Amino acid sequence: DGGITQSPKYLFRKEGQNVTLSCEQNLNHDAMYWYRQDPGQGLRLIYYSQIVNDFQKGDIAEGYSVSREKKESFPLTVTSAQKNPTAFYLCASSATGGGQPQHFGDGTRLSIL
Amino acid sequence: GESVGLHLPTLSVQEGDNSIINCAYSNSASDYFIWYKQESGKGPQFIIDIRSNMDKRQGQRVTVLLNKTVKHLSLQIAATQPGDSAVYFCAENLREYGNKLVFGAGTILRVKS
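Only a predicted model underlies this, so the values are computations on that prediction, with no experimental measurement involved.

1. With respect to the interface of chain B and chain A
Then, number 1: With 23 residues of chain B at the interface, the matching set in chain A holds 21 residues.
Then, number 2: Buried surface at the junction of chain B and chain A, summed over both partners, amounts to about 1,600 Å²; 53% is from carbon and sulfur atoms.
Then, number 3: Broken down residue by residue, the surface that chain B buries against chain A is led by Pro44, Lys100 and Phe103 of chain B, which jointly contribute 26%.
Then, number 4: Remark: the boundary between chain B and chain A carries one salt bridge.
Then, number 5: Here Lys100 of chain B and Asp59 of chain A are joined by a salt bridge, their closest N and O atoms 2.7 Å apart.
Then, number 6: Taken together, the links from chain B to chain A amount to six residue pairs in polar contact (both at pLDDT 80 or more).
Then, number 7: Elements supplying a minimum of two residues to the side of chain B that touches chain A: β3 (32-38), β4 (45-51), β8 (86-94) and β9 (100-103) of chain B.
Then, number 8: Here the side of chain B that touches chain A takes four residues from β3 of chain B, the largest share from any one element.

The rules we used
- Residues numbered from 1 in each chain as written.
- Chains lettered and ligands numbered in written order.
- Predicted model: local features only at pLDDT ≥ 70, side-chain atom pairs only at ≥ 80, totals over all residues.
- Heavy atoms only, no water.
- Contact = heavy atoms within 4.5 Å.
- Buried area = accessible area lost by both parts, 1.4 Å probe.
- Salt bridge = Lys/Arg side-chain N within 4 Å of Asp/Glu carboxyl O.
- Polar contact = N/O pair within 3.5 Å; in protein donor to acceptor, adjacent residues only side chain to side chain.
- Helix = DSSP H or I, 4+ residues; strand = E, 2+ residues; numbered from the N terminus.

Read these as geometric descriptors, not functional statements.
Printed below as a string of C-alpha cells:
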C-alpha cells in the first residue's frame, strides 16, 4: 500500500538532547512537509521541501532542522534550542503544483522527560 | 485561565441525522480547499476537496459547499454514523504564497447512538 510512515509513534526527549523524527513516503511525491499540532490549534508549518536537496523554512522553523537527501525521506530534528518541543508532529507529502491535497502520516508524539 | 484555543467547537448529532460543519477562511484569493478528518492519535485523513471555480462537490455521503462571497466553506455528512466521530478541519490553498496550505483549528463531531 502507498502511504506515509512516521516513526517512532512516541518519543521522549531529555534536557539538552536533539531527537530525530523519521518520515518516509512511497507515493512518489516531490513535496514533503512537517507540521506541529498543539491541542485546540490548527497545524503550523515547520519546514517544507519541494524537491530533493532543497527545503524552506515554514512559520515556526526555529529550533528545528531538516534534510532531504532522498525523495522518499524527510527527517526532522528537534534540537535543544526548541524550548517547548512537546507536541504532536505530522509529516505530509503531495504532488507539486497548485491545488494538490497533502497526505499525512499518523504522527509522532514528542514529550519532555 | 485556560487559553481559548484549547476549546474547539463541538457538534453533537444523533446517529442517522445529517451533520453540517462550517469553516470560515481568510483569503479571498485562495483557490483550492480541502476537508480533513482526524481521529484521536492519528494523522489527518483527506475527505474531499473543491476548487474555487466550483460551488459544490459531492462525494460518498459527503458534500462540500463553497460560498466565495462570504468566504465560507461547509461540509455536509449524510446519515452520520458513530465512525464519523472525529475532529474535522478545513484547509485553504494560498496560491500567492507558493501554494501554502493554511489549516483551521477544527470542529469536534460527536455522534450519539
